[in-house]
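# Structural features, examined
Read off the chains here:
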Amino acid sequence: MSNLFDSDNYPTVEPEVLTIGDRWLWKRTDLGSDYPPASHALSYNARLQGAGSTAISITATESGDDYLVEVASATTAGYTAGTYSWSAYITRSSDSQRIQIDSGDFVIKTNLATSTADPRTHAEKMVDHLESTLESLAQKLTTSYSVSDRS
């Protein structure tokens, strides 16, 4: 595995899953030729689905022709777990005009080292609940039975 603290090894796409309390790192190497970092800026805005008031704003830094996204562990420690919809924007420095260039979703997971919350997904919890209910129901149904005139 390569050293992910080295920007040469950063992923070149936005991650699909991030963890609270971890350092978030990625870079965009595909934008610099059309939007040179010297005269443009890359930023991200994300909103927690189902809770529009919970938002995250990230501004990339420039590194040659690349845009680096680096969010410190201390910053992500205060974020809320859940699924977020995000948009990426390029802003032209000369007149502050902005365009959306990309969008998607990512999941922010709880930090298993610090959280006491149940790490299962809602679907996993529901499957466990349904299995428990079916087992309980099956036991009740088999406590008595009848064959012909005998019980």
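These figures come from a predicted structure and were not determined experimentally. (Residues numbered from 1 in each chain as written. Predicted model: local features only at pLDDT ≥ 70, side-chain atom pairs only at ≥ 80, totals over all residues. Heavy atoms only, no water.)

## Details of the sheet that holds strand β3 (residues 40–48)
Note the following rule: We call two strands paired when DSSP finds no fewer than two bridges between them. Secondary structure counts use DSSP, requiring at least four H or I residues in a row for a helix and at least two E residues in a row for a strand, with both numbered from the N terminus. In this description, a line fitted to the C-alpha atoms serves as the axis of each element, helices being fitted only across the stretch in contact, and the angle between N-to-C directions of two axes falls anywhere from 0 to 180 degrees.
With mixed pairing, the five strands of this open sheet are ordered in space as β1-β8-β7-β3-β4. Among the strands making up the open sheet, the edge pair consists of β1 (17–19) and β4 (55–59). The mean inter-strand angle of the sheet, taken between neighbouring strand axes irrespective of direction, is 30 degrees. As paired strands, strand β7 (residues 82–92) and strand β8 (residues 98–109) are joined by 10 bridges and run antiparallel to one another.

## Some points on the packing of aromatic side chains
Put simply, the test is: Here the aromatic set is Phe, Tyr and Trp, taking the six-membered ring for Trp, and pairing holds for ring centres within 6.5 Å; pairs whose planes are under 30 degrees apart are stacked, those over 60 apart are edge-to-face, and all others are tilted. The criterion is that NZ of a Lys, or CZ of an Arg, lies within 6 Å of the ring centre and within 35 degrees of the ring normal, and then a charge sits over that ring.
All told, the structure shown has five aromatic pairs when counted by the stated rule. Summarising the aromatic geometry, the rings of Y84 and F106 are spaced 5.8 Å apart at their centres and angled 25 degrees between planes, so their arrangement reads as stacked. Highlighted residues: Y84 in strand β7 and F106 in strand β8, separated in sequence by 22 residues. Above the face of the Y89 ring, R98 is positioned so that its terminal group lies 3.7 Å from the ring centre.

## What to know about the nonpolar core
Note the following rule: For the purposes of this section, nonpolar cores are sets of buried Ala, Val, Leu, Ile, Met, Phe, Trp, Tyr and Cys residues that join through side-chain atoms within 4.5 Å. Under the scheme applied here, a residue whose accessible area is under 20% of the maximum for its type counts as buried, over 50% as exposed, and between as partly exposed, the area being computed with a 1.4 Å probe on protein chains only. Pairs of residues are marked as contacts when any of their non-hydrogen atoms sit within 4.5 Å.
With 22 residues, the main nonpolar core has W24, L42, Y44, I56 and I108 as its most contacted residues. At the level of elements, β2 (24–28), β3, β4, β6 (66–71), β7 and β8 are the ones that each hand at least two residues to this core. Setting aside its immediate chain neighbours within four residues, W24 contacts L18, T19, I56, V69, E70, V71, T76, Y79 and I108.

## What about the pairing of β7?
The side chains of a regular strand alternate between both faces of the sheet. Note: β3 against β7, nine bridges, orientation antiparallel. Residue pairing for β7: R47 is matched across the bridge by S85. Joining the antiparallel neighbours β7 and β8 is a turn of five residues, in which S96 adopts a positive phi near 60 degrees.

## Things to note about the pattern of salt bridges
Going by this rule: Whenever a carboxyl oxygen of Asp or Glu lies within 4 Å of a side-chain nitrogen of Lys or Arg, that contact is scored as a salt bridge.
The final tally for this structure, using the stated rule, is five salt bridges. For the salt bridge of E70 with R23, the shortest nitrogen-to-oxygen distance reads 3.7 Å. Of the two residues, E70 is situated in strand β6 and R23 in the loop between β1 and β2; the sequence distance between them amounts to 47 residues. With a relative accessible area of 33%, E70 lands in the partly exposed category. Between D95 and R92 there is a salt bridge, and its shortest N-O distance comes to 2.6 Å.

## Side note on the pairing of β3
Pairing of β3 with β4 involves five bridges; the strand directions are antiparallel. What sits directly across from R47, in β4, is A55. The antiparallel hairpin formed by β3 and β4 contains six residues in its connecting segment, where G50 sits at a positive phi of about 85 degrees.

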